[in-house]
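Descriptive analysis of the structure
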Amino acid sequence: MAPPTTPIKIGFVGLSSSGWASDVIAPALTQQALKGIYDIVAISNSSDATSASAAEKYGKIVGHPISAYSGNTAKIASDPNVDLVAVSVKTPMHKELLMPVIEAKKDFFIEWPAGRSLQETLEIAEAAKRNGVRSLIGLQGHGSAIVTKIKEIIASGKIGTILSTNVIGTIPQDFGGWGPVTTENNSYIIDAENGATMLSIIIGHFLNLFTQILGDFASVSATSTLIYDTTTIVDKATKQPTGKTLVVTEPDHISFSGVLKSKVFVNAVWRTGYKMTPGRRRFLWEIDGEEGTIRVESDLLMGAAIHVVDADLYVNGEKVEYRDPGAVGGAIDNVANSWKEFARGELGRHPTIDDAVKNHRLLAAIRKSFEEDGKSVHFK
């Protein structure tokens, strides 16, 4: 199936004046590379006022009026001018807002983790299959520039047969979540029932791109601990305490090891709660072959989130550039690439709801292991 000859018309749920959708997804969709491929034609938010404001703002950007909806997403999904509905909202609302879209038989985009749990993601996947709709998931590291380059390096034979891989990822206190200090806007991620934990979000994004490069796990075992059992809520702008604290039940340190189906040995440690002390590395990933090493590292604030930041890449100690000259880089380029691949139809290498289910199964296995004192989980 070739790319569309007319733009795919998007109805956008959750596109307002601030947040991930306005900061990253909308800029990606309206950049020159995707002009003529996609067109935002409708917006739906929680209130009439926010929808009208967003429709006016983005109408000026795309150069035509945008329809404004609010409330039940069945409204925007039933718009005959909408080909695809994008849902970019907080995790607890994923399934609730997406299901009416699927039942209306509209193709969809949904942010990772595409539901609060494996069960919710399975229900979304089953509904998508039943209604015959296509899906795009916000796993923007899936086919990112760094993933493509690492695959290319491995295929070239420069590091020989891969034997092992090691990862250490740190989420600093300065992020304002999953540690002793949490900003008010991130307070919902503290409750594990909301499905936006360090395991599901940061580790989940990483494992999706990890398995794209190195393949699937044959077995995994994990351990965890919770050091900060309460978190202080602070104002996002001033970083001053609001006087509120929350109880934390989700681990802030997770370690897992395992063996891939290719027999590669894996060792990974993820942690949060550390201050951004000079010299403390935020992210390090080594892929070791018989002949050499690939190293990915970053000291950026969210350096562990290599699906949205441009980490440094080295092969046998030499730095390798992987972005095209003039590229915007980071999250916007990675998101744009996913949407570009979706537009290619069956030929596209974009993450689907089936990829989301597969990723959730791996995360569920890691959780099962650390909840059962490190008992190994084996995959068929």
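Keep in mind it's a predicted model, so treat the numbers as computed, not measured.

What counts, and at which threshold
- Residues numbered from 1 in each chain as written.
- Predicted model: local features only at pLDDT ≥ 70, side-chain atom pairs only at ≥ 80, totals over all residues.
- Heavy atoms only, no water.
- Pairing = 2+ DSSP bridges.
- Helix = DSSP H or I, 4+ residues; strand = E, 2+ residues; numbered from the N terminus.
- Contact = heavy atoms within 4.5 Å.
- Axes fitted to C-alpha atoms, helices over the stretch in contact; angles between N-to-C directions.
- Parallel < 35°, antiparallel > 145°, perpendicular 65-115°, else oblique.
- Left-handed = near helix turned anticlockwise from the far one by under 90°.
- Nonpolar A, V, L, I, M, F, W, Y, C, P; charged D, E, K, R; others polar.
- Core = buried A, V, L, I, M, F, W, Y, C linked by side-chain atoms within 4.5 Å.
- Buried < 20%, exposed > 50% of the residue type's maximum accessible area, 1.4 Å probe, protein only.
- UniProt positions renumbered as here; feature names shortened; annotations may be inferred.
- Phe/Tyr/Trp six-rings, centres within 6.5 Å; stacked < 30°, edge-to-face > 60°.
- Lys NZ or Arg CZ within 6 Å of the ring centre and 35° of its normal.

It is worth spelling out the sheet that holds strand β18 (residues 377-378) at this point. If you trace the nine strands from one edge of the open sheet to the other, you get β17-β16-β15-β14-β7-β13-β12-β9-β18, paired in mixed fashion. Among the strands making up the open sheet, the edge pair consists of β17 (318-320) and β18. Seen against the sheet, helix α9 (residues 353-371) touches β9 (217-225), β12 (253-260) and β18 and runs at an angle of roughly 50° to β9.

Put simply, helix α1 (residues 20-29) and helix α8 (residues 330-342) touch, their axes get as near as 8 Å, and they point 55° apart. By the angle class used here, α1 and α8 are oblique. Our pair here, α1 against α8, has a crossing hand that is right-handed. Judged by residue contacts, Trp20, Asp23, Val24, Ile25, Pro27, Ala28 and Leu29 of α1 engage Ala331, Ile332, Val335, Ala336 and Trp339 from α8. Across the contact of α1 with α8, the residue classes break down as 11 nonpolar, no polar and one charged.

Considering soluble globular proteins, one finds that nonpolar side chains tend to be buried as a cluster. Formed by 114 residues in total, the largest nonpolar core has its most connected members in Phe108, Phe256, Trp270, Trp285 and Trp339. In terms of residues, this core owes the most to one element, helix α7 (residues 199-214), which gives 10 residues. Beyond its immediate sequence surroundings of up to four residues, Trp339 is in contact with Ile10, Ile25, Leu29, Leu34, Tyr38, Leu84, Ala86, Phe109 and Leu136.

So, about the sheet that holds strand β8 (residues 181-183). Read across the sheet, three strands follow the order β8-β10-β11 without closing on themselves; strand pairing throughout is mixed. Because the sheet does not close on itself, it has two edges, and the strands there are β8 and β11 (241-247). Averaged over all pairs of adjacent strands, the angle between strand axes in this sheet comes to 35°, irrespective of strand direction. Pairing of β8 with strand β10 (residues 230-234) involves three bridges; the strand directions are parallel.

Our focus in this paragraph is the pairing of strand β1 (residues 8-13). In terms of burial, β1 is a largely internal element, five of the six residues being buried. Examined bridge by bridge, β1 and strand β2 (residues 38-45) share six bridges and lie parallel to one another. Bridge pairing links Gly11 to Ala42 in β2. Here β1 runs beside strand β4 (residues 84-87); their pairing, made up of four bridges, is parallel. Within β4, the position partnered with Phe12 by the bridge is Ala86.

Sites flagged by UniProt as "domain: Gfo/Idh/MocA-like oxidoreductase N-terminal" (unreviewed entry) map to residues 8-135. In residues 8-135, helix accounts for 41% and strand for 22%; the two terminal C-alpha atoms are 13 Å from one another.

A separate point is the packing of aromatic side chains. Counted under the stated rule, the structure contains 10 aromatic pairs. The interplanar angle of 25° and the centroid separation of 5.3 Å between the aromatic rings of Phe175 and Trp178 together place this pair among those described as stacked. On the basis of relative accessibility, which here comes to 13%, the residue Trp178 falls in the buried class. The positively charged end of Arg271 is found above the aromatic ring belonging to Tyr274, 4.4 Å away from the centroid. Directly above the aromatic system of Tyr314 lies the positively charged group of Arg295, at a separation of 4.3 Å from the ring centroid.

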